[in-house]
Amino acid sequence: MISAQDKLETALGYRFADKKFRDTALTHRSYSHPHYERLEFLGDSVLGLAVSALLYRRFPELPEGDLSRLRAHLVREDSLHRIALSLDLGDCLYLGEGEQKSGGKERVSILADALEALFAAVYLESGFQAASEVIERLFASSIAAIVPGQSLKDPKTRLQEWLQGQKLPLPAYQLLATSGAAHAQLFHVSCTVEAPYSLKSKGQGKSRRLAEQAAAEAVLVLLEAKERP
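The following refers to the structure shown. (Residues numbered from 1 in each chain as written. Predicted model: local features only at pLDDT ≥ 70, side-chain atom pairs only at ≥ 80, totals over all residues. Heavy atoms only, no water.)

## Points about the overall build of the protein
No. 1: Helix and strand counts for the protein stand at 10 helices and 3 strands.
No. 2: In the protein, the succession of α and β elements from N to C terminus is α-α-α-α-α-α-α-α-α-β-β-β-α.
No. 3: Computed over C-alpha atoms, the radius of gyration of the protein comes to 18 Å, within 12% of the 17 Å expected from 2.2 N^0.38 for 229 residues, which places it in the range of a compact globule.
No. 4: The buried share of the protein, taken over its 229 residues, is 43%.
No. 5: Sequence-distant contacts, at least 24 apart, represent 56% of the contacts inside the protein between residues at least 6 apart.
No. 6: Carbon and sulfur atoms provide 52% of the accessible area of the protein, an area that totals close to 12,400 Å². (Helix = DSSP H or I, 4+ residues; strand = E, 2+ residues; numbered from the N terminus. Rg over C-alpha atoms; globule rule 2.2 N^0.38 Å. Buried < 20%, exposed > 50% of the residue type's maximum accessible area, 1.4 Å probe, protein only. Contact = heavy atoms within 4.5 Å. Areas by Shrake-Rupley, 256 points an atom, 1.4 Å probe, with all protein chains shown as cover.)

Now the structure itself:
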């Protein structure tokens, strides 16, 4: 039987020779030590450099400021979370019992951090070129969708403008709960769009603003699916 972790390697397009690298990247501090936090620290830099190089080559005419904004847009927590979901990364995580019960495998911050830890694990085992190739595969569609000069608006703004363009009421956001310790709170928010679409989705984030953006992004995905012919 193929494990979730083996399926993850297939999705990444990379096979770990030493599974300890992979498993440490997937281990939350609630489960055991070593865990992914040191790898996540390193992976953040590996990701930043790899995406910077991809943008530098893809957009030779763009100035530094525009490249910096594009990089920030691509490597933000929401973007990493979406990629992690596409990889079913949550099913691969090693979490303590309490973290499992509190929905840790769906938590935005955990999924984003574990993905960065995986980039570091590939880098440590096989070098920057191998890590860059994994990152390029995962970010290819996002980079291909970039139109130079097009505003990189956050999900809340895009959802609001879309609804206004349809002459529909603005979305309603509601704080559902907060969880975690005071120094590492996680906010849970819902976003509701009334008739004729009647959609509701949820988002999580380290701040209420980030949680609202995640919820708005989820509603935008649902709207795009409904509008698709």
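## Regarding the packing of aromatic side chains
No. 1: Within the structure shown, the criterion is met by 3 aromatic pairs.
No. 2: With 5.6 Å between their ring centres and 65° between their planes, Trp-162 and Tyr-197 make a pair best called edge-to-face. In this pair, Trp-162 sits in helix α9 (residues 155–165) while Tyr-197 sits in the loop between β2 (186–193) and β3 (199–205), placing the two residues 35 residues apart along the sequence.
No. 3: With relative accessibility at 25%, the residue Trp-162 sits in the partly exposed group.
No. 4: When the ring centre of Tyr-173 is taken as reference, the NZ or CZ atom of Lys-156 above it lies at 4.8 Å. (Phe/Tyr/Trp six-rings, centres within 6.5 Å; stacked < 30°, edge-to-face > 60°. Lys NZ or Arg CZ within 6 Å of the ring centre and 35° of its normal.)

## Thoughts on the environment of Leu-93
No. 1: As for its position among the elements, Leu-93 is in the loop between α5 (77–86) and α6 (97–101).
No. 2: Counting along the chain gives 66 residues from Leu-93 to Thr-27, while the straight-line C-alpha distance between them is 6.0 Å.

## Notes on the pattern of salt bridges
A side chain with one charge may pair with a side chain of the opposite charge, provided their charged atoms come close.
No. 1: Across all of its chains, the model carries 14 salt bridges by this definition.
No. 2: The shortest N-O distance in the salt bridge between Asp-23 and Arg-22 comes to 3.0 Å.
No. 3: The class for Asp-23 is partly exposed, based on a relative accessible area of 23%.
No. 4: Each of Asp-6, Glu-9, Arg-15, Lys-19, Arg-22 and Asp-23 takes part in salt bridges that share partners, so that together they form one network. (Salt bridge = Lys/Arg side-chain N within 4 Å of Asp/Glu carboxyl O.)

## Some details on the sheet that holds β3
No. 1: Here we have 3 strands laid out as an open sheet, ordered β1-β2-β3, and antiparallel in their pairing. Looking at the sheet topology across the chains shown, the edges are occupied by β1 (172–179) and β3. Sheet twist, expressed as the average angle between the axes of neighbouring strands with direction ignored, equals 20°. (Pairing = 2+ DSSP bridges. Axes fitted to C-alpha atoms, helices over the stretch in contact; angles between N-to-C directions.)

## Let's talk about unusual backbone geometry
Both trends apply: most residues other than glycine have a negative phi, and most peptide bonds are in trans.
No. 1: Of note, the amide linkage connecting His-33 to Pro-34 takes the cis form, showing an omega dihedral of 5°.
No. 2: Phi angles above zero are rare outside glycine, and Asp-88 is one such case at about 55°.
No. 3: Relative to the helices and strands, Asp-88 resides in the loop between α5 and α6.
No. 4: Phi angles above zero are rare outside glycine, and Ser-198 is one such case at about 50°.
No. 5: Following the sequence through the fold, Ser-198 ends up in the loop between β2 and β3.

## As for the side chain of Glu-99
No. 1: Inspection of the secondary structure assignment puts Glu-99 in helix α6.
No. 2: Discounting chain neighbours no more than four positions away, the residues touching Glu-99 are His-28, Ser-30, Gly-104, Arg-107 and Ile-110.

## Observations regarding the pairing of β3
No. 1: In terms of burial, β3 is a largely internal element, 5 of the 7 residues being buried.
No. 2: The sheet contact formed by β2 and β3 spans 7 bridges and is antiparallel. In the sheet register, Ser-190 faces β3, and the bridge partner there is Lys-202.
No. 3: A loop of 5 residues connects β2 with β3, the two strands running antiparallel in sequence, and Ser-198 in this loop sits at a positive phi of about 50°.

## Focus on the nonpolar core
No. 1: Leu-89, Leu-138 and Phe-139 are the most contacted members of the largest nonpolar core, which totals 45 residues.
No. 2: Where this core is concerned, the elements lending two or more residues are α1 (4–12), α3 (37–58), α4 (64–75), α5, α7 (108–126) and α8 (128–144).
No. 3: Aside from chain neighbours lying at most four places away, what touches Leu-138 is Ala-11, Leu-12, Ile-83, Leu-87, Leu-115 and Phe-119.
No. 4: Listed in part, the 12 residues of the second largest apolar core include Leu-168, Tyr-197, Leu-199 and Leu-220. (Core = buried A, V, L, I, M, F, W, Y, C linked by side-chain atoms within 4.5 Å.)

## Looking at α3
No. 1: Taking 1.5 Å per residue, 22 residues should reach 32 Å; α3 reaches 31 Å between its end C-alpha atoms and fits that length.
No. 2: When α3 is considered as a whole, its buried residues turn out to be Leu-39, Gly-43, Val-46, Leu-47, Gly-48, Ala-50, Val-51, Leu-54 and Leu-55.
No. 3: At its buried positions, α3 is contacted by α2 (19–25), α4, α5, α7 and α8. (Expected span 1.5 Å × (residues − 1).)

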